[in-house]
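A look at the structure
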Amino acid sequence: MSDRIIRLIGLTGGIATGKTAISNYLADVCGFPILDADIFAREAVNPCSPILDSIVKRYGAGIVLPDGNLNRPELGNIIFCNAAERQWLEQQIHPYVRRRLLEETQSCIAASSLVSQDTQDLGTKTQEIGFFHQKLEPSIVEKKSGFCAKADTLTLVLVVPLLFEANMTDLCTEIWVVYCSPEVQLERLMQRDGLSYDRANARINAQLPLAQKCQQADVILDNSSTLDSLFRQVDVQVSRF
């Protein structure tokens, strides 16, 4: 499997810009495995977890619901109004999330390699891989660590809202940023989460500005229009490789 290509798409953007819509599309239509940092962040604060215990020690028992789960709205009211508290919380959670992303990425790669090896052992693996590589210029193969030649490519999507802020860009081979105008982002967030103008703005401002994320992106997906328009952009990027 020395010529196997691992394509790790880091999908990020601002809050309420459309990351979930794209990750669902990549999973349901393209069949790509999705590793969601938000799921691991929730896992990090499961009842009785060490990180939740640290949060309770810092903010008191009121930060936990009667069922033992974290009171997320209450925690949000604290961290989105206080940069120092937000930084402390991220220092607790981000290392856990990073470790889980690495573990699951390695697990997917290992599982895929086993399946590919089994197929090869059965003698059913085609010879398309070598032919496909011959058709590509070496510079393209080196620069793009994943192209959608399904016979020899494993594509994983890492959905990481704070990809830049948490310094996790090294986990990816390419970065996709979902963009929309600030006005559209604010309106969507207020409608989606039932937030006031001030609270929605506080959540947006807690993240790196979208413009700065776009400057560091390999791919920018504009979600200022319709979902059909957004998914057409995704199709172009998926089919490029």
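Notes on the structure follow. Being a predicted model, the structure only gives us computed values, none of them experimental.

Our next topic: the nonpolar core. By size, the foremost hydrophobic cluster in this structure holds 35 residues, and its most contacted members are Ile-55, Leu-101, Leu-158 and Met-168. Elements with a contribution of two residues or more to this core: α2 (37-44), α3 (50-59), α4 (72-79), α5 (83-121), β3 (153-159), β4 (174-179) and α10 (210-215). No other element matches the six residues that α5 contributes to this core. Listed in part, the 17 residues of the second largest apolar core include Ile-22, Tyr-25, Phe-231 and Val-238.

It is at 11 Å that the axes of helix α1 (residues 19-28) and helix α11 (residues 227-239) come closest, and there the two elements cross at 55 degrees. As far as their axial angle goes, α11 and α1 are oblique. The element α1 and its partner α11 pack so that their crossing is right-handed. Residue-level inspection shows Ala-21, Ile-22, Tyr-25 and Leu-26 of α1 in contact with α11, the latter providing Leu-227, Leu-230, Phe-231, Val-234, Asp-235 and Val-238. Taken together, the residues that form the contact of α1 with α11 break down as nine nonpolar, no polar and one charged.

Read across the sheet, five strands follow the order β2-β3-β1-β4-β5 without closing on themselves; strand pairing throughout is parallel. Among the strands making up the open sheet, the edge pair consists of β2 (34-36) and β5 (219-222). Geometrically, the sheet is characterised by an average inter-axis angle of 25 degrees between neighbouring strands, direction not taken into account. The pairing of strand β1 (residues 5-13) with β4 spans five bridges and is classified as parallel. Paired with Gly-13 across the bridge in β4 is Val-178.

Turning next to helix α8 (residues 182-193). End to end, α8 covers 16 Å across twelve residues, agreeing with the expected 16 Å (1.5 Å per residue, within 8%). Among the residues making up α8, those that are buried are Gln-185, Leu-186 and Leu-189. Relative to the axis of α8, the buried residues are bounded by an arc of 95 degrees and lie together on one face. Structural note: α8 exposes Glu-183 and Gln-191 on the side pointing more than 90 degrees away from its buried face. Within two residues after α8, Gly-194 carries a phi angle of roughly 60 degrees, on the positive side.

Moving on, we get to the pairing of β3. With respect to burial, β3 is a largely interior element, seven of its seven residues being buried. Of the two faces of β3, both are covered, the one formed by Thr-153, Thr-155, Val-157 and Val-159 as well as the one formed by Leu-154, Leu-156 and Leu-158. Sheet topology note: the β1/β3 ladder contains seven bridges and is parallel. Its bridge partner being in β3, Ile-5 is matched across the sheet by Thr-153. Here three bridges tie β2 to β3, and the two strands are oriented parallel to one another. From the neighbouring strand, Asp-36 faces β3, where its bridge partner is Val-159.

What follows concerns the environment of Ile-15. Here Ile-15 lies in the loop between β1 and α1. Apart from the residues within four sequence positions on either side, Ile-15 is in contact with Gln-185, Leu-189, Arg-192, Arg-203, Ile-204 and Gln-207.

Note on terminology: disulfide describes a covalent bond linking the sulfur atoms of two cysteines. For the structure on display, the rule yields zero disulfides. Of all cysteine sulfurs, the one in Cys-180 lies closest to Cys-214, which takes part in no disulfide; the gap is 9.8 Å. When its relative accessible area of 14% is taken as the criterion, Cys-214 is described as buried.

Counted under the stated rule, the structure contains two aromatic pairs. Aromatic side chains Tyr-25 and Phe-231 sit 4.3 Å apart centroid to centroid with 10 degrees between the ring planes, which places their arrangement in the stacked category. Highlighted residues: Tyr-25 in helix α1 and Phe-231 in helix α11, separated in sequence by 206 residues. Each member of the pair, Tyr-25 as well as Phe-231, carries the same accessibility label: buried. For the ring pair Tyr-59 and Trp-88, a centre distance of 5.9 Å and an interplane angle of 90 degrees mean the geometry is edge-to-face. Of this pair, Tyr-59 sits in helix α3 while Trp-88 sits in helix α5, and the two are 29 residues apart along the sequence.

Rules and cut-offs
- Residues numbered from 1 in each chain as written.
- Predicted model: local features only at pLDDT ≥ 70, side-chain atom pairs only at ≥ 80, totals over all residues.
- Heavy atoms only, no water.
- Core = buried A, V, L, I, M, F, W, Y, C linked by side-chain atoms within 4.5 Å.
- Buried < 20%, exposed > 50% of the residue type's maximum accessible area, 1.4 Å probe, protein only.
- Helix = DSSP H or I, 4+ residues; strand = E, 2+ residues; numbered from the N terminus.
- Axes fitted to C-alpha atoms, helices over the stretch in contact; angles between N-to-C directions.
- Parallel < 35°, antiparallel > 145°, perpendicular 65-115°, else oblique.
- Left-handed = near helix turned anticlockwise from the far one by under 90°.
- Contact = heavy atoms within 4.5 Å.
- Nonpolar A, V, L, I, M, F, W, Y, C, P; charged D, E, K, R; others polar.
- Pairing = 2+ DSSP bridges.
- Expected span 1.5 Å × (residues − 1).
- Arc of directions from axis to C-beta.
- Disulfide = S-S within 2.5 Å.
- Phe/Tyr/Trp six-rings, centres within 6.5 Å; stacked < 30°, edge-to-face > 60°.

Shape is all these values report; function is a separate question.
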